[in-house]
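Here are the chains, one letter per residue:
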Amino acid sequence: MATLLAIGTAKGLFLATSGDDRRSWEITGPHFPMTGVYAVAVDTRRPTPRLLAGVTSSHFGPSVATSDDLGASWDEPDQAPVAFPSDTGVSLGRVWQLMPAGPDEPDVVWAGTEPSALFKSTDGGRSFELVRSLWDHPHRPEWEAGFGGQAVHTVLPHPRDPARLLVAMSTGGVYRSEDAGASWAPGNTGIRAYFMPDEWPEFGQCVHKVARDAGNPERLYAQNHHGVYRSDDDGRTWSSIADGLPSDFGFPMVAHPGRGGMVWTFPLVADSERFPTDHRCRVFRSVDAGGKWEPLSVGLPEGPFYPAVLRDAMCADDSTPGGVYFGTRSGSVFASRDEGDSWSTVATHLPDVLCVRAATV
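Keep in mind that this is a model prediction, so the values were computed, not measured.

Caption draft 1: Up close: the layout of surface pockets. For the largest pocket, the calculated volume is near 1200 Å³. Forming the walls of the largest pocket are 38 residues, and the residues nearest its centre are M99, P100, L156, P257 and A316. Breaking the lining of the largest pocket down by element, the ones donating at least two residues are β4 (36-43), β7 (94-100), β11 (151-157), β15 (207-212), β19 (249-255), β24 (314-316) and β28 (353-360). When its residues are assigned to classes, the lining of the largest pocket shows 23 nonpolar, five polar and ten charged. For the second largest pocket, the calculated volume is near 530 Å³. As for the second largest pocket, its lining consists of 22 residues, and the residues nearest its centre are F147, G148, F251, L310 and R311. Across the lining of the second largest pocket, the residue classes tally to ten nonpolar, seven polar and five charged.

Caption draft 2: Quick peek at the pattern of salt bridges. Summed over the entire model, instances satisfying the criterion amount to 27 salt bridges. For R132, the salt bridge goes to D87, with nearest N and O atoms at 2.7 Å. Separated by 45 residues along the polypeptide, R132 in helix α1 (residues 132-135) and D87 in the loop between β6 (61-67) and β7 bring together distant segments of the chain. Residue D87 is classed as exposed on the basis of its relative accessible area, which comes to 56%. Among the salt bridges present, the one from R219 reaches D232, with a minimum N-O distance of 2.8 Å. Here D232 lies in the loop between β17 (228-231) and β18 (239-240) and R219 lies in the loop between β15 and β16 (220-224), a separation of 13 residues in the sequence. Since its relative accessible area comes to 22%, R219 is described here as partly exposed.

Caption draft 3: Region of interest: the sheet that holds β4. Strand order in this open sheet of three strands is β4-β5-β6, and the pairing throughout is antiparallel. Across the chains shown, the open sheet's two edge strands, defined by having one partner strand only, are β4 and β6. Averaged over all pairs of adjacent strands, the angle between their axes in this sheet comes to 15°, without regard to strand direction. As defined by bridge partners, strand β5 (residues 50-57) adjoins β6 across seven bridges and the pair is classed as antiparallel. Counterpart to S57 in the pairing with β6 is G61.

Caption draft 4: Up close: the pairing of strand β8 (residues 109-114). β8 sits mainly inside the fold: six of its six residues count as buried. Alternating positions in β8 separate into two faces, V109, A111 and T113 on one and W110, G112 and E114 on the other, with burial throughout. The sheet contact formed by β7 and β8 spans six bridges and is antiparallel. Counterpart to P100 in the pairing with β8 is V109. When β8 meets strand β9 (residues 117-121), the two strands line up antiparallel, connected through five bridges. Paired with V109 across the bridge in β9 is S121.

Caption draft 5: View of the packing of aromatic side chains. Applying the stated criterion across every chain, the model contains twelve aromatic pairs. For the pair F84 and F119, a centre-to-centre distance of 5.1 Å together with 85° between the ring planes defines the contact as edge-to-face. Taken together, the residues F84 in the loop between β6 and β7 and F119 in strand β9 connect sequence positions 35 residues apart. For the residue pair F84 and F119, the accessibility class agrees, reading buried in each case.

Caption draft 6: Broad picture of the side chain of E114. Along the polypeptide, E114 turns up in strand β8. A polar contact is formed between the side chain of E114 and the side chain of W96, at a distance of 2.9 Å.

Caption draft 7: Just unusual backbone geometry, in detail. In this structure, the amide linkage connecting G29 to the following residue, P30, adopts the cis form with an omega of 5°. Following the sequence through the fold, P30 ends up in strand β3 (residues 26-31). The linkage connecting S170 with the following residue, T171, adopts the cis geometry, with an omega of -15°. Despite not being glycine, A180 has its phi angle at roughly 60°, a positive value. By secondary structure assignment, the location of A180 is in the loop between β13 (173-177) and β14 (185-186). With relative accessibility at 47%, the residue A180 sits in the partly exposed group.

Caption draft 8: Layout of the environment of G112. Among the structural elements, G112 can be located in strand β8. When the C-alpha atoms of G112 and L130 are compared, they prove to be 10.0 Å apart, with 18 residues separating the residues in sequence. In this view, G112 contacts V95, W96, Q97, A117, V152 and V155; residues no more than four positions away in its chain are not counted.

What counts, and where the lines are drawn
Within each chain, residue numbers correspond to sequence positions counted from 1 in written order. Thresholds applied to this predicted model are a pLDDT of at least 70 for local features of residues and 80 or more for the giving and counting of side-chain atom pairs; totals over whole chains, interfaces and linings are not thresholded and use all residues. Side-chain measures were taken over the full set of non-hydrogen atoms in the model, leaving aside hydrogen atoms and water. Cavities and pockets are defined on a 1 Å grid built over the protein atoms alone: a cavity is a set of grid points where a 1.4 Å probe fits but cannot escape, while a pocket is an open set with protein on both sides within 12 Å along at least five of seven lines, and lining residues are those with an atom within 4 Å of any such point. Grid points are joined across faces, edges and corners, and a volume is the space filled by probe spheres set on the points. Secondary structure elements follow DSSP: runs of H or I of four or more residues count as helices, runs of E of two or more count as strands, with numbering from the N terminus. Polarity classes work like this: nonpolar for Ala, Val, Leu, Ile, Met, Phe, Trp, Tyr, Cys and Pro, charged for Asp, Glu, Lys and Arg, and polar for all others, with Gly in that last group. When a carboxyl oxygen of Asp or Glu is within 4 Å of a side-chain nitrogen of Lys or Arg, the pair counts as a salt bridge. Residue exposure (1.4 Å probe, protein chains only): buried if accessible area is under 20% of the type maximum, exposed if over 50%, otherwise partly exposed. By the convention used here, strands pair only if DSSP detects at least 2 bridges between them. Structural elements are reduced to axes, namely lines fitted to C-alpha atoms, with helices fitted over the stretch in contact, and the angle between N-to-C directions of any two is expressed from 0 to 180 degrees. Planes of paired rings set the category: under 30 degrees apart is stacked, over 60 is edge-to-face and the rest tilted, where pairs are Phe, Tyr or Trp rings (Trp by its six-membered ring) whose centres lie within 6.5 Å. Counted as a polar contact is a pair of N or O atoms within 3.5 Å, where, for protein atoms, one must be capable of donating a hydrogen and the other of accepting one, and residues adjacent in sequence contribute only when both atoms are in side chains. Whether two residues are in contact is decided by their heavy atoms, any of which lying within 4.5 Å being enough.

As structure tokens, this is what we get:
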């Protein structure tokens, strides 16, 4: 078995593979050169893992490509797999998220897009249909664009109940479905929107990322536009877990895939100063669901460090002990094979890292 790390950048997709328990890496790429790769998924539900990449070409536009041979070849249909129906009056900006559903739905893949919408595939990601119920939600005309665009960037299927699904967007906040996407309700109670006249609105929050706990699927973690939160009721209500962090601003939020209560984030100074806190390269980890936080930096660059880490540019793998990975806007990628206790460098001098995904293949 090997570990595959898919690295989406502003100028293509790079694939890093380790066959020695993540001690060394071989990198291929760029696949799809000169395209922005904002979303990658590794679907391990099938006998041969399928890679899915959301690619955005300045010439050909956005698309989704798939590979069933770990990137040796790619299938990119002539007709766009993700496209808005003509009656919506909009066109696809890019795919921000690709998420395989749970084991009970082996052919279902979800896609979150810009503008904010959800698409569903029932053929493993080769074609998608718009989820009309979310697009037609009465709140949608009031959803605004965040600094990076108006996009559904988080899609979280419930691992035990296929009827339950959560999405998050910038801006708009968290929305929940308990009927397989037939209807949606906002789930933002307790999340502050300091930039709005009513700082505690029903919707309109700029949620940056949401992750689900492995041990308790009702527990969620959210990194907000200023605010770090936990929900213990599947997103109905939220409470702050920012105490102990040097800042409550940042983008990624990653939960351990196999160990409950463990979560990582990468704090930045503020929305007006998007540098790592104290200008140091540090990942912060909690092992008690956000009760306490500890900085992790052994093996990471020392001295002044300025690049940010984007919302999908941090991930964890499903190995034991768990591996953690993150990429920076300066094109460096770092890996830990011991859940963050120590780090090594996977790559440097890549284009801006937009997303990373890891899996055992």
